[in-house]
Amino acid sequence: MDEILAVYSPFGEVVGSATRTEVYARSLWHGSAGVILCDGDLVYAHRRADTKQVMPGLWDCVAGGVVDAGEDPYDTAVRELGEELGVHGVALEFLHSAAWESGPGPGLGGPEGLRCHLFAWTAQWHGPVVHQPSEVAEGRWVSRAELRTLLAGPFAPDSRLLAEALLTTRER
């Protein structure tokens, strides 16, 4: 079944809904929300499953996904953290939001690429991480220096923006 997603204006207001297929095929503005999981100064980085429709096989540090129709981005972030990494019941701290456009490219939706409003939180977690195999191929805790190295390679571009916000915030 094709999920029904919230459709946003370029300015960040929800203006309707459409199927995931239509959102990607028409490069409609939509929302994506997620969590950067931390353990002290460590960040949990993971490689996206090779079977993912969008950005398969790239490294990432955000457990996140698209905002469903009628769903608040915060609720999306909580849901995705539980689904992708098996983490439940943690406090989320707002990190950053931004409008992001990928431009065209393989694994990036329709002819104009992805157009997305990103919403990110952080959470501290000291317990086990359990991957959802359809979402995550592998993962590990990394230092800020290791995260910078990962960012220089094949990394999900929307999450790169959020990781850079995290690194900038932590350096203050």
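For clarity, every value in this text was computed on a predicted model and none was experimentally measured.

Student: Could you give an account of the overall build of the chain, with specific residues and numbers?
Tutor: Secondary structure summary: the chain contains four helices and nine strands in total. Order of helices (α) and strands (β) in the chain, N terminus to C terminus: β-β-α-β-β-β-β-α-β-β-β-α-α. Taking 2.2 N^0.38 as the reference for a compact globule, 172 residues should give roughly 16 Å; the C-alpha atoms of the chain span a radius of gyration of 15 Å, in line with that estimate. The principal-axis extents of the C-alpha atoms in the chain amount to approximately 40 × 35 × 30 Å.

Student: Give me the lowdown on the pattern of salt bridges, citing residues and values where you can.
Tutor: This model, assessed by the stated rule, comprises 12 salt bridges. Linking Arg47 and Asp50 is a salt bridge whose minimum nitrogen-to-oxygen distance equals 2.9 Å.

Student: Go over the nonpolar core with me, naming the residues and quoting the values.
Tutor: Ile36, Val43, Met55, Cys61 and Leu147 are the most contacted members of the largest nonpolar core, which totals 34 residues. Elements that contribute at least two residues to this core include exactly β1 (4-8), α1 (20-25), β3 (29-39), β4 (42-48), β7 (93-101), β8 (115-124), α3 (144-151) and α4 (157-171). At four residues, the largest contribution of residues to this core is made by α4. Counting residues in each nonpolar core, the second largest holds 20 residues, with Trp29, Ala33, Leu37 and Leu92 among its members.

Student: Describe the pairing of β8, listing the residues and the values that go with them.
Tutor: In terms of burial, β8 is a largely internal element, nine of the 10 residues being buried. Looking at chain direction, β7 and β8 are connected through eight bridges and run antiparallel. When the bridges of β8 are listed, Glu93 appears paired with Thr122.

Student: Can you explain the packing of aromatic side chains? Please cite residues and give values.
Tutor: For the coordinates displayed, the defined rule picks out four aromatic pairs. Ring geometry for Tyr74 versus Trp121: centroids 5.6 Å apart, planes at 85°, classification edge-to-face. Residue Tyr74 is found in helix α2 (residues 73-85), and its partner Trp121 is found in strand β8; the two are separated by 47 residues along the sequence. Here Tyr74 falls in the partly exposed class, since its relative accessible area comes to 33%. Ring pairs connect the aromatic residues Tyr74, Phe94 and Trp121, which therefore count as one cluster.

Student: With reference to specific residues and values, describe the pairing of β4.
Tutor: For β4, the buried fraction is high: six of the seven residues fall into the buried class. Pairing between β3 and β4: two bridges, direction antiparallel. Bridge pairing links Asp39 to Leu42 in β4. Count of turn residues in the β3/β4 antiparallel hairpin: two residues, of which Gly40 carries a positive phi of about 65°.

Student: For the side chain of Thr122, give the residues involved together with the corresponding values.
Tutor: Among the structural elements, Thr122 can be located in strand β8. By relative accessible area, Thr122 is classed as buried at 15%. Look past the residues within four positions of Thr122 in its chain and what remains in contact with it is Val35, Ile36, Ala91, Leu92, Glu93, Leu95 and Leu166.

What counts, and where the lines are drawn
- Residues numbered from 1 in each chain as written.
- Predicted model: local features only at pLDDT ≥ 70, side-chain atom pairs only at ≥ 80, totals over all residues.
- Heavy atoms only, no water.
- Helix = DSSP H or I, 4+ residues; strand = E, 2+ residues; numbered from the N terminus.
- Rg over C-alpha atoms; globule rule 2.2 N^0.38 Å.
- Salt bridge = Lys/Arg side-chain N within 4 Å of Asp/Glu carboxyl O.
- Core = buried A, V, L, I, M, F, W, Y, C linked by side-chain atoms within 4.5 Å.
- Buried < 20%, exposed > 50% of the residue type's maximum accessible area, 1.4 Å probe, protein only.
- Pairing = 2+ DSSP bridges.
- Phe/Tyr/Trp six-rings, centres within 6.5 Å; stacked < 30°, edge-to-face > 60°.
- Contact = heavy atoms within 4.5 Å.

These figures capture arrangement, not role.
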